[in-house]
Amino acid sequence: MSSRHPLVEKLRRLAAVEKRWIRIWSMSVLAVGGLILIGAVCLIDYSFRVESVLFRFLLSSVFWIGLLYLAAKLVWPVARMRKSEVEIARQLESVNPDLGCRVSLAADFLTSGFGSNGSERLRKTIISTADGQLSKRILHDQIEKSRPMRMLAFLAAATVLTATIAIVNPLEMGIAVRRAANPFQTNPWPTWNQLVFKDLPAAIAYGDSLNVTVDDDNHRLPDRVLLEIKDGQGVHVREMKRNVDQMEYRMKSVLRPMSLRVRGGDHQSPWKSISVVHPPDVDEMTVDVMPPAYSGLPLVTIPIYQEVWAGSMVQISGNATKQFESAWLFELGSASEAGDPAPEIGEQWERWPLEIKNQVFAFTGLKDVPLMQNLKYRIQLVDKGGMKG
């Protein structure tokens, strides 16, 4: 008898189709398991964000060992699976009792020559009967498709979920996968917080105050932010105060260069250096006062802080300690006493430009305007770099 008999061909095609569906099921389970493993590893890494190489190596080992275990349990046995025609026939008979044992007996006749010493007519009768009983319906029903189809559905859902996460968070997804695949490579997580200084100057005038403002570029400003100040006397830590969506700290009378950085949440900013420079300052200044006519007094030069007669007219001139680009006279409002400290210069105060010639400034705007009340004035000198003194 020939091993190419139609009955044998049917059994072989059934074995091939069955193996194909089992392979689909095993590969789907492997893929779903791999996605679950890599997802768990990435989620743990993302949640704890530990940069220890040992910790990352252990996480990656869990993924690779788990993947190899699934492959050994699912893929390798399927790849080695070999079912003979007799085994396929007996499998058919186990779920179709009406077949009896004729199919397996016929397959044995055809493939191994079993019963060759017996009646040839009986063998042909058994083979013909078995071949006739193997209808397409029986062969179709024998193939188990429900489990592979369910697993394919799970795989499709897991793939869609993974793709959605990759689309929504491509940066984090890429970092997580690279860290899991190679724990020895440097792929740090982006910090949850990103603290930055806002409008921090590189230089400040000697003795000026400094307003330090900090924002979070990730819009997740932590509740507590510490400012570290490093100068010639060591490192000083100050807690910043919240003002709506930013942190602030005010330093009065800065006298020495320093470096600043802030830390809060999971972020620490790099050091920012600030130099202290001496801006142009008034070196010598003269105030010429013309008393009112009723006083009978002549033109007189007086010190800076000096009481003058009501109705006097004033002219100011002087020079600076270093070169300057512009000069302004600010009227800072009334003063109860001549020795009161002047308030800080701001845009709310009225100001006038001073005439500059050979680094000598002068102001004659008051020589025609009599002084009738106690007022405070301040001169501001600005160098080429915009430093104000």
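Preceding this paragraph is the structure being described.
Below or above, wherever it landed, is the structure these notes cover. (Residues numbered from 1 in each chain as written. Predicted model: local features only at pLDDT ≥ 70, side-chain atom pairs only at ≥ 80, totals over all residues. Heavy atoms only, no water.)

### Observations regarding the packing of aromatic side chains
Tallying each qualifying case throughout the model produces three aromatic pairs. Aromatic side chains Tyr 46 and Trp 189 sit 5.3 Å apart centroid to centroid with 75° between the ring planes, which places their arrangement in the edge-to-face category. Here Tyr 46, found in helix H1 (residues 6-48), pairs with Trp 189, found in the loop between helix H8 (170-181) and strand E1 (195-197); they are 143 residues apart in sequence, far enough to count as distant. By relative accessible area, which is 32% here, Tyr 46 ends up partly exposed. When the centroid spacing of 5.7 Å and the interplanar angle of 40° are considered together, the rings of Phe 57 and Phe 184 count as tilted. Note that Phe 57 is positioned in helix H2 (residues 53-80) and Phe 184 in the loop between H8 and E1, a separation of 127 residues in sequence. We classify Phe 184 as exposed; its relative accessible area is 58%. Cation over ring: Arg 49 sits above Tyr 46, and NZ or CZ is 4.6 Å from the ring centre. (Phe/Tyr/Trp six-rings, centres within 6.5 Å; stacked < 30°, edge-to-face > 60°. Helix = DSSP H or I, 4+ residues; strand = E, 2+ residues; numbered from the N terminus. Buried < 20%, exposed > 50% of the residue type's maximum accessible area, 1.4 Å probe, protein only. Lys NZ or Arg CZ within 6 Å of the ring centre and 35° of its normal.)

### Details of H1
Over its 43 residues, H1 extends 63 Å from the first C-alpha to the last, a length consistent with the 63 Å expected when each residue adds 1.5 Å. With its phi angle positive at about 55°, Arg 49 sits one or two positions after the end of H1. (Expected span 1.5 Å × (residues − 1).)

### Comments concerning the packing of H1 against helix H7 (residues 146-168)
The description of two helices packed together rests on the angle between their axes and the distance between the axes. One way to put it is that H1 packs onto H7 with a least axis distance of 9 Å and a crossing angle of 30°. Looking at the two axes, H1 sits roughly parallel to H7. Of the two possible hands of crossing, H1 and H7 adopt the one that is left-handed. Two secondary-structure elements touch here, H1 through Trp 21, Ile 24, Trp 25, Ser 28, Val 29, Ala 31, Val 32 and Leu 35 and H7 through Arg 147, Pro 148, Met 149, Met 151, Leu 152, Phe 154, Leu 155, Ala 158, Thr 159 and Thr 162. The class makeup of the residues in the contact of H1 with H7 is 14 nonpolar, three polar and one charged. (Axes fitted to C-alpha atoms, helices over the stretch in contact; angles between N-to-C directions. Parallel < 35°, antiparallel > 145°, perpendicular 65-115°, else oblique. Left-handed = near helix turned anticlockwise from the far one by under 90°. Contact = heavy atoms within 4.5 Å. Nonpolar A, V, L, I, M, F, W, Y, C, P; charged D, E, K, R; others polar.)

### Notes on the environment of Ala 163
Note on placement: Ala 163 falls in helix H7. On the accessibility criterion, Ala 163 (35% relative accessible area) is partly exposed. Expressed as a C-alpha distance, the spacing of Ala 163 and Met 173, which sit 10 residues apart in the sequence, is 9.8 Å.

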